[in-house]
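# Breakdown of the fold
As a plain string of letters, each chain reads:
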Amino acid sequence: MLLAGALGALAFPPVDLFPVLAVCFPVLMRAIDGAAGWRGACRRGFMFGLGLHTAGLYWLADAILVRADTFWWLVPLAAPGCALVLAPAAALPAGLCRLAPAGWRRNLVFAGTWTLFDMGRVFIFSGFPWNPLGSTWEMAGLAGDVMIQPAAWIGVDGLTLLTVLLALLPLGGRRAMLAGLAGLAAWAGLGGALLALRPIPPGHNPVAVLVQGNVPETLKISRQDDIAVFRRYLALTRAGVAQALALADPARGGRPVVYVWPESAFPGLLAEDGLARQMIAAAGAGAAAGMIGTLRGDSDGRWRNSVLALAEPDGHVAGLYDKAHLVPFGEYDPWLLPFHVVPGAGMVPGPGARTWHLPGVSPVGPLICYEVIFSGQVADVHDRPDWLVNVTNDAWYGNTAGPRQHLATVRMRAVEEGLPIARAANTGITAAFDAHGRELGRLGWNRQGFLVVSIGGALPVTPFGRWGRWIPVILALGVLLPALAWHGRAQRRRPV
């Protein structure tokens, strides 16, 4: 089971070998059917989940290697340790599906419970819903654009439900597999229709300058070249804004220009440094606003991971956003950890999704790094923005699958919410997507530079954007409850 789960991780970005799921999940279900009871089924599901998440999260070791002098002993434990916490989300569906008889009813119960427990990962520590199976459809290019469009209705968790159902169809024989191929064709047809029939309105969103400083994490930690790093960002901003102004021509009624620095890009405490804010504003002269990732200390002396919006002409703070979903073991220590990994007392979270209304800029929802992975929680439902901006620092995870999986979630959020999204990353991958999740441009890994991109308009609020994760919850219950009810009626009718 461990090997079958690990093989399933090949379905995740950037490998995107999703057909392996049609092998791995039937193997798991056969093992569940062959278990002596529900406890044995749980153990087999646990081992499958352990393999799936250990292989899917192998890149976590790179974050430990950045501080290998202190935490070298954690390197072989990082991915398996997280997988141990996540594996029960596979074990419980494996055990619960034994409530239904073997066959299509058990498969339905398994698919529904897998989806519900997978969604429940948002409640583990501060939440860790990384690599839901619905993300396996985020292939690059047109194929991925088409296949993820239903997420506008059912979210990535609804895609997870469909993925598990499809992966189990080989158990039903040739007819079931043919039905699955027909279902895939219908899925692709629906995705193509959603792309074609929902044109993106022009809107008034800005031209964004997404700055990628490409500062190694070891250099950021050592703080030896803070002035050189700051000058690098100023120079890139100056060049990027000049190019964007020529493209947008806001003086003649064109779009406004904004510039965006990644998470913790400013090597200091920007909220307390008026001179630095003035220097940034001078580098971005002509732009309507700048969005700068920085640490800050609040009035209670606690640390926060923040992004500041700076307005022209003097760089005064026009908006402030604090990261709401903190990274466990990276930004705070979970209470059950018997030792400290995060220096000091760690950080404290902000209140959640907010929309900025900055002078001269269409309403924008800021997101910091990790919190973009939380489906249904990236936009303020009471004050819907016209676009989203995500600042991140993926340098911790090296040139691995981690930053690419992270980027894929950004694309999925655009589709779910029907909102364009711009992403500025420290070492890559900086990119932007339109409201259909189609890539507008990117600046690859380990490159220093900037990306100038015109942010498209927003689509009308999507069904998922309106009702959120209630939709996949209802779908999952709609799959598993009738299967259990059918089994219950059959049991009552059975002659004594």
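Below is a summary of the structure that appears in this document. Predicted model, so just to flag it, every value in this text is computed and none were measured.

## Examining the overall build of the protein
If you tally the helices and strands in the protein, you get 17 helices and 11 strands. Expressed as lengths along the three principal axes of its C-alpha atoms, the size of the protein is roughly 85 × 55 × 35 Å. A burial count over the protein gives 57% of its 496 residues as buried. Carbon and sulfur atoms provide 64% of the accessible area of the protein, an area that totals close to 20,300 Å².

## Regarding helix 13 (residues 226-248)
Along its 23 residues, helix 13 runs 32 Å from first to last C-alpha, staying within 8% of the 33 Å computed at 1.5 Å per residue. Within the sequence span of helix 13, burial applies to D226, V229, F230, Y233, L234, L236, T237, G240, V241, A244 and A248. Buried residues in helix 13 make contact with strand 1 (207-212), helix 12 (217-222), strand 2 (257-260), helix 14 (274-283) and strand 11 (449-454). One or two residues past the end of helix 13 sits D249, with phi positive at roughly 50°.

## Description of the pattern of salt bridges
Pairs can form between side chains of opposite charge whenever their charged atoms are close. If you walk through the whole model with that rule in mind, you get 13 salt bridges. Among the ionic pairs, E263 bridges to K323, the shortest N-O distance being 3.8 Å. Here the residue E263 occupies a position in the loop between strand 2 and helix 14, and K323 occupies one in the loop between strand 5 (316-322) and strand 6 (364-368), the gap between them amounting to 60 residues. Among the residues examined, E263 registers a relative accessible area of 7% and is labelled buried. On the basis of relative accessibility, which here comes to 1%, the residue K323 falls in the buried class. Of the charged contacts, one joins R296 and D322 as a salt bridge, the two residues approaching to 2.7 Å between their closest N and O atoms. Of this pair, R296 sits in strand 3 (residues 289-297) while D322 sits in strand 5, placing them 26 residues apart in sequence.

## Considerations on the sheet that holds strand 1
Across the sheet, which stays open at both edges, the six strands sit in the order 5-4-3-2-1-11 with mixed pairing between neighbours. Two strands in the sheet have a free side with no partner beyond their single neighbour: strand 5 and strand 11. Direction aside, the axes of adjacent strands within the sheet are offset by 25° on average. Where strand 1 and strand 11 come together, six bridges link them in antiparallel fashion. The partner of V207 across the bridge, within strand 11, is S454.

## Some remarks on the state of the cysteines
For the coordinates displayed, the defined rule picks out zero disulfides. The structure places no disulfide on C24, whose sulfur is separated from the nearest cysteine sulfur, that of C97, by 17 Å. The class of C24 is buried, set by a relative accessible area of 1%. Just so you know, C369 is unpaired, no disulfide at all, and the nearest cysteine sulfur is the one on C82, 14 Å from it.

## Regarding the packing of aromatic side chains
Summed over the entire model, instances satisfying the criterion amount to 15 aromatic pairs. Taken together, a centroid distance of 5.2 Å and an interplanar angle of 75° make the contact between F25 and W114 edge-to-face. Placement of F25 in helix 2 (residues 21-34) and of W114 in helix 8 (residues 104-119) is noted, with a sequence separation of 89 residues between them. For W114, a relative accessible area of 3% gives the class buried. Ring centres 5.6 Å apart and planes at 80° place the aromatic pair Y370 and F374 in the edge-to-face group. Like F374, Y370 is buried. Taken together, the ring pairs connect W59, F128, W130, Y370, F374 and Y397 into an aromatic cluster. Cation over ring: R466 sits above W467, and NZ or CZ is 5.9 Å from the ring centre.

About the criteria used
- Residues numbered from 1 in each chain as written.
- Predicted model: local features only at pLDDT ≥ 70, side-chain atom pairs only at ≥ 80, totals over all residues.
- Heavy atoms only, no water.
- Helix = DSSP H or I, 4+ residues; strand = E, 2+ residues; numbered from the N terminus.
- Buried < 20%, exposed > 50% of the residue type's maximum accessible area, 1.4 Å probe, protein only.
- Areas by Shrake-Rupley, 256 points an atom, 1.4 Å probe, with all protein chains shown as cover.
- Expected span 1.5 Å × (residues − 1).
- Contact = heavy atoms within 4.5 Å.
- Salt bridge = Lys/Arg side-chain N within 4 Å of Asp/Glu carboxyl O.
- Pairing = 2+ DSSP bridges.
- Axes fitted to C-alpha atoms, helices over the stretch in contact; angles between N-to-C directions.
- Disulfide = S-S within 2.5 Å.
- Phe/Tyr/Trp six-rings, centres within 6.5 Å; stacked < 30°, edge-to-face > 60°.
- Lys NZ or Arg CZ within 6 Å of the ring centre and 35° of its normal.

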